[in-house]
Amino acid sequence: MTAVLNAIGRGWLILTLAFLYLPILVMAAMSFNASPFYRLPVEFSTRWYAALMGNAALKQAAWNSVWIALVTTAIATALGTAAAIGLHRHRFPGRALLQAALYPPIAIPWLITGTAMLVFFYFLGIPRGSPAVVVGHVALAIPYVVIVVGARLKGFDPALEEAARSLGARPWQVAAWVTLPYLAPAVIAAALFAFAVSFDQFVISYFLAAPGDTTLPVEIYAAIRKGFTPEVNAVSTIVIGLSMALMLLVARLARFGEVR
Amino acid sequence: MRGPVPLLAPAYLWLTLAVFLPLSAMGFFSLVSDIPVGGRAWTLTLDNYAEFLARPFYAQLLWRSLELGAVVTGLCLLIGAPCAWVLARTIRGRWREALFILVILPFWSNGLVRVFSWAIALRGGGVLDWAVNAILPWDVRVNLMFSWWAVVIGLVHSYLPYVILTGYVAMQAIDQRLIEAARSLGASRRMILWRIVLPLSLPGLAAGAVLVFVPVVGSFMEPRILGGRAGTFFGTVIEDQFTAVFNWPLGAALSFILLAVVLAVLAAAAPILRRSQ
């Protein structure tokens, strides 16, 4: 009986994995299909990838996505790590409120946050465009960084810092040689997280980017709405491959952080 | 380092400027007759909320979105809870780790692209159509694209990993000795499920349900891509106010109504969520 139930359970899990991966595999297969009408069976060709190279709008959007994600990563990792250390090291009134304040950017649907940013920035006179997108992405990424780095800090022994200090290390030396090396795996994982949050973000970019000079997901969305072409399959396959590779890296590093 | 302020101020100032002030500003904009920019005349008014009440269309759409949220959440629980159990309790070692990462991985890849991949699979003459016709001897046309079900499938696909993840964490923590004690006292399999396993995994599953329900109620990109004409929901109407109709005060009011619904759901779930931490 138990063996039968276990077999059913495993079958269920395998079916679920198939549900999760089949459409992605179909899309990847179609991106190598020569027929623009998705005719089956697939006739192998890389013509859509070649066509991508000539698509200036997509290339510009891809470049925008990369530099916006890099800038977001740098700012969010720095600010988030500092905040995590501040929350960990100090006990003060309002601390619980500050910790709770990390969740609204994650929990409130991006449609609401995105439209609110659009209206507020317009009111302040900040135009739609990449700087506005960075401001929004950093705000979304900070909570993830604080949570990931904060989790690692829970296992940190303050005696290490005290020992360094009593041996005559200056505050910056304690930070550079004791605290940060301990935090390094979590900080790297958090940075990759921040990169992924920004690189994959669609909704916020959709409302904040300037039309015509936007990020890759927004450009892909525009292309889909115009009527989807195999070129979109090709660029989508590249994007999903990249983001999966990135998250595999995060998974490895995050575990590395736990074990030590 | 003396106080917490220099460490905390930059991050929280940023969050205030980019999230909390905009949300407050939106509350204000939902109460004006026109956006107060460039010397436009505006007055404080409740008209935008009155508009929501006056036209049953909006309430119907909000209901449609809540219904969509309930169906997607239910399906995610139904599919995800057994998966979480299998992963947490019956598979061990390296396999478990590998399968776990496989479940979580698509979740952290590009959401828009994953929704789009369903458009390729579901369209008439697409892979699903082709596969069904390859198996069945008679000719059927399978075209789920641009239907309510296409939206449901895409959303379940997008948010299913949440439920598996939170369920897994809760189920892994169940003490095996409890189950063994119950069994040695003669409890049936069903009794163990209802009296031990479900109550103990409830906080995790509830957390997963909230994490699915909230974004689904506010979704607009998935219905737009997969739903076509069948894809009009509360989220798409809000988007329209900002990108097509340019009635920002009404959009702000509708957004705020959605926010109120979301906060109510989060508040109702808070006691269970707190238990899950």
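So, how was this worked out
- Residues numbered from 1 in each chain as written.
- Chains lettered and ligands numbered in written order.
- Predicted model: local features only at pLDDT ≥ 70, side-chain atom pairs only at ≥ 80, totals over all residues.
- Heavy atoms only, no water.
- Helix = DSSP H or I, 4+ residues; strand = E, 2+ residues; numbered from the N terminus.
- Buried < 20%, exposed > 50% of the residue type's maximum accessible area, 1.4 Å probe, protein only.
- Salt bridge = Lys/Arg side-chain N within 4 Å of Asp/Glu carboxyl O.
- Expected span 1.5 Å × (residues − 1).
- Polar contact = N/O pair within 3.5 Å; in protein donor to acceptor, adjacent residues only side chain to side chain.
- Core = buried A, V, L, I, M, F, W, Y, C linked by side-chain atoms within 4.5 Å.
- Contact = heavy atoms within 4.5 Å.
- Axes fitted to C-alpha atoms, helices over the stretch in contact; angles between N-to-C directions.
- Parallel < 35°, antiparallel > 145°, perpendicular 65-115°, else oblique.
- Nonpolar A, V, L, I, M, F, W, Y, C, P; charged D, E, K, R; others polar.
- Left-handed = near helix turned anticlockwise from the far one by under 90°.
- Disulfide = S-S within 2.5 Å.
- Phe/Tyr/Trp six-rings, centres within 6.5 Å; stacked < 30°, edge-to-face > 60°.
- Lys NZ or Arg CZ within 6 Å of the ring centre and 35° of its normal.
- Buried area = accessible area lost by both parts, 1.4 Å probe.

A.B. asks: Provide a residue-level description of the overall build of chain B, including the pertinent values.
C.D. replies: Regarding its fold elements, chain B presents 12 helices and 0 strands. For chain B, the N- to C-terminal ordering of α and β elements is α-α-α-α-α-α-α-α-α-α-α-α. Oriented by its inertia axes, the alpha-carbon framework of chain B measures out at about 75 × 70 × 40 Å. The buried share among the 277 residues of chain B stands at 52%.

A.B. asks: Tell me about the pattern of salt bridges, residues and numbers included.
C.D. replies: Under the definition given, this model contains 6 salt bridges over all chains. Its salt-bridge partner being B:Glu51, residue B:Arg55 comes within 3.4 Å of it at the nearest N-O pair. Take B:Glu51: its relative accessible area is 29%, and that puts it in the partly exposed class. Shared partners join several salt bridges into a network, and the residues in it are A:Arg89, A:Glu161 and A:Arg165.

A.B. asks: Summarise helix α3 (residues 56–89) of chain A; cite the residues concerned and give the values.
C.D. replies: An ideal rise of 1.5 Å per residue puts 50 Å on 34 residues; α3(A) measures up with 49 Å between its terminal C-alpha atoms. At the N-terminal boundary of α3(A), the capping side chain belongs to A:Asn55, with an oxygen 3.3 Å from the backbone nitrogen of A:Ala57.

A.B. asks: Can you break down the nonpolar core residue by residue, with the values?
C.D. replies: Residues A:Phe202, A:Ile220, B:Val72, B:Ile225, B:Leu226 and B:Phe234 are the most contacted members of the largest nonpolar core, which totals 163 residues. Here the element with the most residues in this core is helix α9 (residues 171–200) of chain A; it accounts for 14 residues. Beyond its immediate stretch of four places on either side in the chain, B:Ile225 contacts A:Tyr221, A:Ile224, B:Leu112, B:Val115, B:Ala119, B:Met145 and B:Phe146.

A.B. asks: I'd love a proper account of the packing of helix α6 (residues 110–124) of chain A against helix α1 (residues 5–29) of chain B, names of residues and values included.
C.D. replies: Direction vectors running N to C along α6(A) and α1(B) enclose 80°, while the axes themselves pass 8 Å from each other. It follows that α6(A) is roughly perpendicular to α1(B) by the angle criterion. Along the contact surface, α6(A) presents A:Ile112, A:Thr113, A:Thr115, A:Ala116, A:Met117, A:Val119, A:Phe120, A:Phe121 and A:Phe123, while α1(B) presents B:Leu17, B:Ala18, B:Val19, B:Leu21, B:Pro22, B:Leu23, B:Ala25, B:Met26 and B:Phe29. Classifying every residue of the contact of α6(A) with α1(B) by side-chain character gives 16 nonpolar, 2 polar and no charged.

A.B. asks: Break down the packing of helix α3 (residues 56–90) of chain B against helix α7 (residues 148–172) of chain B for me, citing the residues and quoting the values.
C.D. replies: All names here are of chain B. Interaxial distance between α3 and α7 falls to 6 Å at its minimum, and their mutual angle equals 45°. Here α7 runs oblique to α3, going by the angle between their axes. Of the two elements, α3 crosses α7, and the hand of that crossing is right-handed. Residue classes in the contact of α3 with α7 are distributed as 25 nonpolar, 3 polar and 2 charged.

A.B. asks: Please set out the environment of B:Gly126 residue by residue, giving values where relevant.
C.D. replies: All names here are of chain B. Mapped onto the elements, Gly126 comes out in the loop between α5 (111–122) and α6 (127–135). Since its relative accessible area comes to 4%, Gly126 is described here as buried. Separated by 72 residues in the primary sequence, Gly126 and Leu198 have C-alpha atoms spaced 40 Å apart.

A.B. asks: Residues and numbers for the state of the cysteines, please.
C.D. replies: Residues and elements named next belong to chain B. Evaluation of the coordinates by the stated rule reveals 0 disulfides over all chains. Here Cys76 stays unpaired: no disulfide links it, and the sulfur of Cys83, its closest cysteine neighbor, is 11 Å away. A relative accessible area of 0% places Cys83 in the buried class.

A.B. asks: I'd love a proper account of the packing of aromatic side chains, names of residues and values included.
C.D. replies: In this structure the tally under the stated criterion is 24 aromatic pairs over all chains. One aromatic cluster is present, formed by A:Phe202, A:Tyr206, A:Phe207, A:Tyr221 and B:Phe220 through successive ring pairs. Here the guanidinium or amino end of A:Arg152 rests over the ring plane of A:Tyr182, the centre of that ring lying 4.2 Å away. Sitting above the plane of the B:Phe233 ring, B:Arg64 keeps its charged end 4.4 Å from the centroid.

A.B. asks: Tell me what's going on with the interface of chain B and chain A, and back it up with residues and numbers.
C.D. replies: In many analyses, interface size is given as the accessible surface area lost on bringing the parts together. On the side of chain A, 83 residues touch chain B, which itself brings 79 residues to the contact. With both chains or domains summed, chain B and chain A bury close to 7,500 Å², and 82% of this area falls on carbon and sulfur atoms. The interface formed by chain B and chain A contains 0 salt bridges. If you look at where chain B meets chain A, you find 10 residue pairs in polar contact (both at pLDDT 80 or more). When residues of the side of chain B that touches chain A are assigned to their parent elements, the largest contribution, 17 residues, is made by α1(B). Of the residues belonging to the side of chain B that touches chain A, the class tally is 60 nonpolar, 11 polar and 8 charged.

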